[in-house]
Amino acid sequence: MSTTARAHPNIALLKYWGKQDRPGNYPATPSVSITLDTLSTTTTIEVAPTDRVWLNEIEVEDAKVGAALEDWRQHYDIPSLSIKTRNNFPTAAGLASSASGFAALITAIDAHCELSLSDADKSDLARRASGSAARSIHGGFVTLAEPDWQARQLLPKKAWPLRVVIAITTIGPKAVSSSVGMERSRLTSPYFEAWVSSTASDYGTVVDAVTDRDFDKLAELAEASCLKMHALMLSSKPGLVYWHAATVACMHEIRALREQGLKVFFTVDAGPQVKAVCTEEHAKVVQQALANLPGVEETIQVGLGQGATVIDG
Ligand code: PMV
């Protein structure tokens, strides 16, 4: 008997980077994200004599999955498991595969082991494995903030059906993992405290822009949050440079399109890919413009997706 769950990656419009200095993997900053459709992680689990993990049909030693299971077993009765997980997009390329991965895994475990977890519990356990995974429990627009650091839906996807064009500039694993990079920034960047306090005060304004569906305001705030996070990354020692030439070319192109009146803004995570968030009306033109840039290998257009669900079992 097996159980299968599916979850989608999410991208932050207000970014989190850095952890609090206490156990439980609490983010140092609040965040606001959108969950995507089309891209997904599908995970099938069954009880097995020992824990074994397959990623895209290949058996792997995954230290993060091992650590998450060990942590979750301190709170819940979870047997040894065979875990077969598939991503329909490049793993570890700045497309948040850990977010969809841990959201799918805890959703499958909850159903398979009949743990009767609430969404808040699942979000809590997913966060302990990977901060951004807490947000993929929910669909649409999602917040992750104090006091409990459990993700909540801010707006369902139907309320504001934005599109996202992802420009893939390089396929391959990222240079420095987000957990290593975050710790480096906390310990070495002279800007870390300013990042934490200013992001805390940006949170309410981003929530308001989403609630009001104010695209221009959200564009301004989301690009500022992205650039501030990358300024923090660049100021770490040694500096974390996730951008490639094509990443910067996409950012300029997106700003030029906005100057021409298109509703579009960029965001970039811990990798070289660019996500252009836009209205449905302008998505096609945005995708064509990015696809034409030198160094852009591929573009993918997606919409907003739902939260993690059990699809079988
Ligand atoms: O929780 P992680 O390790 O997936 O880190 C996510 C960090 C960023 O994607 C760069 C920002 C964010 O809030 O998702």
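It should be noted that the structure appears before, not after, this text.
Here's what I pulled together on the structure shown here. (Residues numbered from 1 in each chain as written. Predicted model: local features only at pLDDT ≥ 70, side-chain atom pairs only at ≥ 80, totals over all residues. Heavy atoms only, no water.)

**Focus on the overall build of the protein chain**
(1) Moving on: Counting its secondary structure elements, the protein chain contains eight helices and 14 strands.
(2) Moving on: Taking 20 Å as the expected radius of gyration for a compact globule of 313 residues, we find that the protein chain reaches 19 Å, a close match to that expectation.
(3) Moving on: Along the three orthogonal principal directions, the C-alpha set of the protein chain runs to about 60 × 40 × 35 Å.
(4) Moving on: Counting every position in the protein chain, which comprises 313 residues, the buried fraction comes to 55%. (Helix = DSSP H or I, 4+ residues; strand = E, 2+ residues; numbered from the N terminus. Rg over C-alpha atoms; globule rule 2.2 N^0.38 Å. Buried < 20%, exposed > 50% of the residue type's maximum accessible area, 1.4 Å probe, protein only.)

**Remarks on the site of the ligand**
(1) Moving on: Neighbouring the ligand are 14 residues; Tyr16, Gly131, Ser132, Arg135 and Ser178 lie closest to it.
(2) Moving on: Contact between the ligand and Arg135: an oxygen atom at 2.7 Å from a side-chain N or O atom of the residue.
(3) Moving on: Residue classes in the shell around the ligand are distributed as six nonpolar, five polar and three charged.
(4) Moving on: Counting contributing residues, the shell around the ligand receives three or more from each of domain 1 (3-156) and domain 2 (163-302). (Near = heavy atom within 4 Å. Polar contact = N/O pair within 3.5 Å; in protein donor to acceptor, adjacent residues only side chain to side chain. Nonpolar A, V, L, I, M, F, W, Y, C, P; charged D, E, K, R; others polar. Domains from an automatic or database assignment.)

**Details of the environment of Pro294**
(1) Moving on: Residue position: Pro294 is located in the loop between α8 (283-291) and β13 (298-302).
(2) Moving on: Given the relative accessible area of 68%, Pro294 is considered exposed.
(3) Moving on: Taking the C-alpha atoms as reference points, Pro294 and Thr211, 83 residues apart in sequence, are found 37 Å from one another.

**A short note on the pattern of salt bridges**
Two side chains of opposite charge can pair, provided their charged atoms sit close to one another.
(1) Moving on: Tallying each qualifying case throughout the model produces 17 salt bridges.
(2) Moving on: As a salt-bridge pair, Asp21 and Arg186 come within 4.0 Å of each other at their nearest N and O atoms. You can see Asp21 sitting in the loop between β2 (10-14) and β3 (31-35) and its partner Arg186 sitting in helix α4 (residues 178-188), a full 165 residues away along the chain.
(3) Moving on: Arg127 serves as the salt-bridge partner of Asp124, at 2.7 Å between the closest nitrogen and oxygen. One end of the pair, Asp124, and the other, Arg127, are both in helix α3 (residues 119-129), three residues apart, so they sit about a helical turn from each other.
(4) Moving on: When salt bridges with common partners are traced through the structure, they connect Lys15, Asp269 and Lys275 into a single cluster. (Salt bridge = Lys/Arg side-chain N within 4 Å of Asp/Glu carboxyl O.)

**Overview of the nonpolar core**
(1) Moving on: With 30 residues, the main nonpolar core has Phe141 and Ile166 as its most contacted residues.
(2) Moving on: For this core, the element with the most residues is helix α6 (residues 215-234), which contributes five residues.
(3) Moving on: Contacts of Ile166, omitting those with residues within four sequence positions, involve Leu36, Leu39, Leu95, Val274, Lys275, Glu298, Thr299, Ile300 and Val302.
(4) Moving on: Among the nonpolar cores identified, the runner-up in size contains 27 residues, and Ala7, Ile78, Ile106 and Ala133 belong to it. (Core = buried A, V, L, I, M, F, W, Y, C linked by side-chain atoms within 4.5 Å. Contact = heavy atoms within 4.5 Å.)

**Concerning the sheet that holds β3**
(1) Moving on: Taken in spatial order, the four strands of this open sheet run β2-β3-β8-β9, and their pairing is antiparallel. Looking at which strands have only one partner, the edges of the open sheet turn out to be β2 and β9 (152-155). Recorded for the sheet is a direction-independent mean angle of 40° between the axes of neighbouring strands.
(2) Moving on: Relative to strand β8 (residues 141-144), β3 is paired through four bridges, and the arrangement is antiparallel. The partner of Ser31 across the bridge, within β8, is Leu144. (Pairing = 2+ DSSP bridges. Axes fitted to C-alpha atoms, helices over the stretch in contact; angles between N-to-C directions.)

**Let's talk about the environment of Ser185**
(1) Moving on: Structurally, Ser185 can be placed in helix α4.
(2) Moving on: Distance in space between the C-alpha atoms of Ser185 and Thr44 is 36 Å, their sequence separation being 141 residues.
(3) Moving on: Those residues within four positions of Ser185 in sequence are excluded, and the remaining contacts are Trp17, Phe192, Leu232, Met233, Ser236 and Leu240.
(4) Moving on: Among the polar contacts made by the side chain of Ser185, one reaches the side chain of Trp17 at a distance of 3.0 Å.

**Structural notes on the pairing of strand β4 (residues 41-47)**
(1) Moving on: In this structure, strand β1 (residues 3-7) lies alongside β4, joined through five bridges in antiparallel fashion. When the bridges of β4 are listed, Ala7 appears paired with Thr41.

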